[in-house]
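# Coordinate analysis (summary)
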Amino acid sequence: DVKVTQSSRYLVKRTGEKVFLECVQDMDHENMFWYRQDPGLGLRLIYFSYDVKMKEKGDIPEGYSVSREKKERFSLILESASTNQTSMYLCASKPSGQGRTDTQYFGPGTRLTVL
Amino acid sequence: QKEVEQDPGPLSVPEGAIVSLNCTYSNSAFQYFMWYRQYSRKGPELLMYTYSSGNKEDGRFTAQVDKSSKYISLFIRDSQPSDSATYLCAMTQGGSYIPTFGRGTSLIVHP
């Protein structure tokens, strides 16, 4: 079974703090993704990475950066947290290729609250 | 207009009912169609996967794709309270690894 783990389930931070969210997958997947999920807005893609040290902006990258130094690990960084970044953050991974492998595997999520 | 439209619900049904969840889409290039189930405070998990048009059955679940109408459905037979969750549809174009998600439909199955 594919396993995607996220460093924290719940996190509370203060405005202006630098926040690190970490994601690790154990299935040697090439592609990794960071989403945020908000009521009524669904899943929105922040950043994704298709290889080590490679990153691409998603739909809402502003206020976020990412790092992928190792294949299994993808980090999301909030440089200066703001209250509008309070959300559920979901990491996902996916192998390359099409067909049955064209599906994403999600982690349990990190519920971040910025006060 | 969003590329993928999904009614957020909530959809409330009695135990044992047949449930129909639907998504419509506008991009005719979508070829791979998925349904994810997400329990409260958990990440989404893949439930069903279909390629192109047709039906696929897995136990109490049936996924249906009608590409001519740009409409996909998930049917749940003999629904159980444990089926209460948010169901998200997702779809990708061939050659793309970035899925487009619907906003999810909240399903409540009451005993």
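Criteria and cut-off values
Per chain, the residues get numbers from 1 upward, laid out in the order the sequence is written. The lettering of chains begins at A and the numbering of ligands begins at 1, in the order of writing. Residue-level local features of this predicted model are given only where pLDDT is at least 70; pairs of side-chain atoms are given and counted only at 80 or more, and the full residue set underlies all totals for whole chains, interfaces and linings. To obtain the side-chain values, all non-hydrogen atoms of the structure were used and water was disregarded. Labels follow the DSSP assignment, with helices taken as runs of H or I lasting at least four residues and strands as runs of E lasting at least two, numbered in each case from the N terminus. Remark: exposure states derive from per-residue accessible area (1.4 Å probe, protein chains only) relative to the maximum for the residue type, with buried under 20%, exposed over 50%, and partly exposed in between. Contacts between residues were defined by any pair of non-hydrogen atoms, one from each residue, lying within 4.5 Å. Throughout, the Shrake-Rupley method with a 1.4 Å probe supplies accessible areas, and for residues the shown protein chains are the sole cover considered. When charges are counted, Lys and Arg are positive and Asp and Glu negative, with His and the chain ends excluded. Lys charges are placed at NZ, Arg charges at CZ, Asp charges at CG and Glu charges at CD. As defined in this context, the radius of gyration uses C-alpha atoms, and a globule is described by 2.2 Å times the residue total to the power 0.38. Residues belong to one nonpolar core when they are buried, are Ala, Val, Leu, Ile, Met, Phe, Trp, Tyr or Cys, and are joined through side-chain atoms within 4.5 Å. Between N or O atoms, a polar contact is any pair within 3.5 Å; within protein, one atom must be a potential hydrogen donor and the other a potential acceptor, and residues adjacent in sequence are included only when both atoms are from side chains. Working definition: rings of Phe, Tyr and Trp (its six-membered ring) pair if their centres are within 6.5 Å, and the pair is stacked with planes under 30 degrees apart, edge-to-face with planes over 60 apart, and tilted otherwise. The disulfide criterion used throughout: a pair of cysteine sulfur atoms within 2.5 Å. Following DSSP output, two strands are said to pair if at least two bridges run between them.

## Observations regarding the overall build of chain B
Along chain B, the regular secondary structure elements total zero helices and 11 strands. Overall, chain B shows an N-to-C arrangement of helices and strands of β-β-β-β-β-β-β-β-β-β-β. Looking at chain B residue by residue over its 111 residues, the buried ones come to 42%. When contacts within chain B are restricted to residue pairs at least 6 apart in sequence, long-range pairs at least 24 apart make up 55% of them. Accessible surface, chain B as shown: approximately 5,100 Å² in total, 46% of it carbon and sulfur. Distance between charge centres in chain B, computed from 10 positive and 10 negative side chains, equals 6 Å.

## Some details on the overall build of chain A
Scanning chain A for helices and strands turns up zero helices and 11 strands. If you list the helices and strands of chain A from N to C, you get β-β-β-β-β-β-β-β-β-β-β. Taking 13 Å as the expected radius of gyration for a compact globule of 115 residues, we find that chain A reaches 13 Å, a close match to that expectation. Considered along the principal axes of its C-alpha atoms, chain A spans approximately 40 × 30 × 25 Å. Every one of the 115 residues in chain A was classed for burial, and the buried ones make up 48%. Here the contacts in chain A between residues at least 6 apart in sequence split such that 55% fall between residues at least 24 apart. For chain A, the exposed surface amounts to about 5,500 Å²; the carbon and sulfur share of it is 50%. In chain A, 17 positive and 15 negative side-chain charges are present, and the distance between their average locations comes to 5 Å.

## Focus on the nonpolar core
Within soluble globular proteins, side chains that are nonpolar tend to cluster in buried spots. Trp35, Ile72, Leu74, Tyr87 and Met91 of chain B are the most contacted members of the largest nonpolar core, which has 24 residues in total. Broken down by secondary-structure element, the contributors of at least two residues to this core are strand S3 (19-25), strand S4 (30-38), strand S5 (45-51), strand S7 (61-66), strand S8 (71-76), strand S9 (85-93) and strand S11 (105-110) of chain B. If we ignore the near neighbours within four places in the chain, the residues touching methionine 91 of chain B are Val4, Tyr25, Phe30, Tyr32, Phe33, Met34, Ile72, Ile98, Pro99 and Thr100 of chain B. Counting residues in hydrophobic clusters, the runner-up holds 20 residues, among them Val4, Tyr47, Leu78 and Tyr89 of chain A.

## Comments concerning the side chain of serine 93 of chain A
Topologically, serine 93 of chain A is positioned in strand S9 (residues 87-94). One polar contact links serine 93 of chain A to histidine 29 of chain A, side chain to side chain, over a distance of 2.7 Å.

## Some remarks on the packing of aromatic side chains
Residues and elements named next belong to chain A. Using the criterion set out here, one finds 12 aromatic pairs over all chains in the structure. Where tyrosine 35 meets phenylalanine 106, the ring centres are 5.8 Å apart and the plane angle is 40°; that geometry is what we call tilted. Here tyrosine 35, found in strand S4 (residues 31-38), pairs with phenylalanine 106, found in strand S10 (residues 105-106); they are 71 residues apart in sequence, far enough to count as distant. We classify tyrosine 35 as buried; its relative accessible area is 2%.

## Examining the state of the cysteines
Residue and element names in this part refer to chain A. For the coordinates displayed, the defined rule picks out two disulfides over all chains. With its sulfur 1.9 Å from that of its partner, cysteine 23 forms a disulfide with cysteine 91. With the S-S dihedral at roughly -75°, the linkage between cysteine 23 and cysteine 91 falls on the left-handed side. Taken together, the residues span a long stretch of sequence, with cysteine 23 in strand S3 (residues 19-25) and cysteine 91 in strand S9 at a distance of 68 residues. Look at cysteine 23 and you get buried, because its relative accessible area is 0%.

## Thoughts on the sheet that holds S3 of chain B
The sheet built from five strands is open, its strands ordered S1-S3-S8-S7-S6 (chain B) with antiparallel pairing. This sheet does not close on itself; its edge strands, each paired only once, are strand S1 (4-5) and strand S6 (54-58) of chain B.

## Brief notes about the pairing of S4 of chain B
Residues and elements named next belong to chain B. Counted residue by residue, S4 has eight buried out of nine residues, so it is predominantly covered. Here S4 pairs with S9 via eight bridges, running antiparallel. Across the sheet, methionine 34 pairs through a bridge with alanine 90, a residue of S9. Here six bridges tie S4 to S5, and the two strands are oriented antiparallel to one another. Looking at S5, one finds that tyrosine 36 is bridged to leucine 46. Here S4 folds back onto S5 in antiparallel fashion, the turn holding six residues, of which arginine 41 has a positive phi close to 65°.

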